[in-house]
Amino acid sequence: MSKTIRIGTRDSKLALWQAKIVQSQLENLGHKTELVPVKSTGDLVLDKPLYELGITGIFTRTLDIAMLNNDIDIAVHSLKDVPTILPKGIVQAAVLKRGNVNDTLVFKNNEEFLGAKDAVIATGSLRRRAQWLNRFPTHTIVDLRGNVNSRLQKLEDNDDWNGAIFAAAGIGRIGIRPEEAINLDWMIPAPAQGAIMITALEDDEDIRAACAELNHEETEICTGIEREFLNKLEGGCTAPIGALAYIKDEEINFKGVLLSPDGSKRIDVTRVKKLGEHNDMAQFCADFVIERGGKRLMDIIKNSTKKTNVYSTKAFTEDQRLLFHEKVVADSSDFIKISLNRIHPRFLKNEIRNVIITSKNAVESLITNYSAIELQFKNIYCVGRRTKRLVENKIGKVTHSEKNAKKLAEYLVEYIEGTEVTYFCSDIRLDALPTILEQNNIKVNEIEAYETKYDGLKVDDSVEAVMFYSPSTVESFIQKNKAEVIAFCIGETTANEAKKHFSDVRVAKVPTVESVIELVNEHYV
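If you're wondering where the values come from, they're calculated on a predicted model, not measured in any experiment.

Reading the values: the criteria
- Residues numbered from 1 in each chain as written.
- Predicted model: local features only at pLDDT ≥ 70, side-chain atom pairs only at ≥ 80, totals over all residues.
- Heavy atoms only, no water.
- Helix = DSSP H or I, 4+ residues; strand = E, 2+ residues; numbered from the N terminus.
- Rg over C-alpha atoms; globule rule 2.2 N^0.38 Å.
- Buried < 20%, exposed > 50% of the residue type's maximum accessible area, 1.4 Å probe, protein only.
- Areas by Shrake-Rupley, 256 points an atom, 1.4 Å probe, with all protein chains shown as cover.
- Lys, Arg positive; Asp, Glu negative; His and termini not counted.
- Charge placed at Lys NZ, Arg CZ, Asp CG, Glu CD.
- Patch = residues over 30% accessible without salt bridge, like charges linked within 9 Å, V, L, I, M, F, W, Y side chains within 5 Å.
- Salt bridge = Lys/Arg side-chain N within 4 Å of Asp/Glu carboxyl O.
- Phe/Tyr/Trp six-rings, centres within 6.5 Å; stacked < 30°, edge-to-face > 60°.
- Contact = heavy atoms within 4.5 Å.

## What to know about the overall build of the protein
Part 1 of the reasoning: Scanning the protein for helices and strands turns up 17 helices and 24 strands.
Part 2 of the reasoning: A globule of 525 residues ought to have a C-alpha radius of gyration of about 24 Å, yet the protein, at 32 Å, is considerably larger.
Part 3 of the reasoning: Along the three orthogonal principal directions, the C-alpha set of the protein runs to about 105 × 55 × 45 Å.
Part 4 of the reasoning: For the protein, buried positions account for 48% of its 525 residues.
Part 5 of the reasoning: If you sum the accessible surface of the protein, you get close to 25,900 Å²; carbon and sulfur atoms cover 45% of it.
Part 6 of the reasoning: Between the averaged position of the 69 positive side-chain charges in the protein and that of its 76 negative side-chain charges there is a distance of 4 Å.

Have a look at this one:
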């Protein structure tokens, strides 16, 4: 090919070294080349917005734009910095034989701090931070950014730092690896760490053919598996993910890891497959991690940089939290605390003809105080499907249930046996039920089965909507918060209280937490 191949590169010392390696190899094959250092995107203009082209990588976008503008023919990258999905029109043209895959700790004086409780380690990598804290949870991690030379200088200048972590390939290639350095063979590297990648335009067949001569097949296979694992697991989020594949005795060995940013949670996966039978390897390993808590961990990581827009006044279960779609960043806590009361035996010495139970808390109080055999109730009336289910599982058959207390009172006025009920309630309860019954000459014996204590907190200003499950949760919220929000309510009784404070009040179709979550999801579609 007579055309001079213009090699685009960033202008850092390491990037130039890598570009010169590619240049040397191309020229050894008889191709004419020219290095084109590209500094910034400021003067580069495209006809389409970056997001339409899929240009995302912070370290690669400058070269992507230069290539799409036909200012360069190929670009040389550290493969670990390249997004797993390339911009439209750009393809991977070659991967050079891989260098040292390890991370390296550069330290000062000696390594004694590795056995100490307190130490300060510098790194700008979430993956390195998480793995270090997983191994040394009492150490302190400080942020370190810049090119390799400037990072080494910062380590030297900061007297309170014990060490900093680098890619072994990076400091080795430009010949600046200090003597005070050790490879961290226990730390799983970034996917494709140590590999150099060449990209080219998809429709430039001559350039792609020239680059293909530099491709190292074993490196291509291994880094391809690592990057596919990252893609399947990550979904565009920056996360502490490590992956390494290598070939030995015609087998591909793979190990991967996902951690929480603070290193407290870790999910590992290993897999060995025969070369040629490895097509599903990355998918299998990603699914393995996801099924063992990886999805929840990824959701936490993705949302850690987003502001909470929905708050629940009742703590979620793990299953409930997973029901929200991606536009909802939900947080939760219990805005009311329940204290079960001792129920005196005198209330239960004889069979009670009519009992009213309007909450699961009352059920818990009854079964905490007495066995089911001791709870002699002829007719049990309750509010809510879940309360009914709990009553029938723990105490006995429910005679009748309604969605809310007012409807239950109206039913009892028509159909109750006798003229007296025993109501196991909270110290804070709505007046509707006892008022309606007493107005219709039905005597109500109230027994405080539990106490409701307000325990709300001030929510962030970013919260646009709040989920309420009882009038008490509304009252607790209002004590600490005055901001106008959308009130998503579990039922009409809760909604009536919410309407006293909020202009936008919405009610779930059925009185369950899951139904309230469904209501929230519908709003944020």
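## Focus on a negative patch on the surface
Part 1 of the reasoning: There is a patch of like negative charges on the surface, built from Glu156, Asp157, Asp159 and Asp160.
Part 2 of the reasoning: Here Asp157 shows up in helix α5 (residues 148-157).

## Quick word on the packing of aromatic side chains
Part 1 of the reasoning: As enumerated under the stated definition, the model contains 13 aromatic pairs in all.
Part 2 of the reasoning: Judged by centre distance (5.9 Å) and plane angle (70 degrees), the rings of Tyr311 and Phe335 are edge-to-face. Here the residue Tyr311 occupies a position in strand β14 (residues 310-312), and Phe335 occupies one in the loop between β15 (330-332) and β16 (336-340), the gap between them amounting to 24 residues. Each member of the pair, Tyr311 together with Phe335, is buried.
Part 3 of the reasoning: Taking 4.8 Å as the distance between ring centres and 35 degrees as the angle between the ring planes, the aromatic pair formed by Tyr411 and Tyr415 counts as tilted.

## Structural notes on the environment of Leu105
Part 1 of the reasoning: Structurally, Leu105 is set in strand β5 (residues 103-107).
Part 2 of the reasoning: Note: C-alpha distance between Leu105 and Arg227 (122 residues apart in sequence) is 24 Å.
Part 3 of the reasoning: Excluding anything up to four places from it in sequence, Leu105 contacts Phe113, Leu114, Ile121, Trp132, Gly163, Ala164, Ile165, Glu180, Ala181, Ile182 and Leu184.

## Comments concerning the pattern of salt bridges
Opposite charge on two side chains lets them pair, provided their charged atoms get close.
Part 1 of the reasoning: In total, this model carries 18 salt bridges according to the counting rule given.
Part 2 of the reasoning: Two residues, Glu417 and Arg353, come together in a salt bridge whose shortest N-O distance is 3.8 Å. Of this pair, Glu417 sits in the loop between α13 (405-415) and β20 (420-426) while Arg353 sits in strand β17 (residues 352-357), and the two are 64 residues apart along the sequence.
Part 3 of the reasoning: Judged by its relative accessible area of 30%, Glu417 is partly exposed.
Part 4 of the reasoning: Assessed through its relative accessible area of 42%, Arg353 is described here as partly exposed.
Part 5 of the reasoning: Between Asp461 and Lys458 there is a salt bridge, and its shortest N-O distance comes to 3.8 Å. Here the two residues Asp461 and Lys458 agree in accessibility, since each one is exposed.
Part 6 of the reasoning: Here the residues in one salt-bridge network are Lys3, Arg6, Asp73 and Asp204, joined through shared partners.

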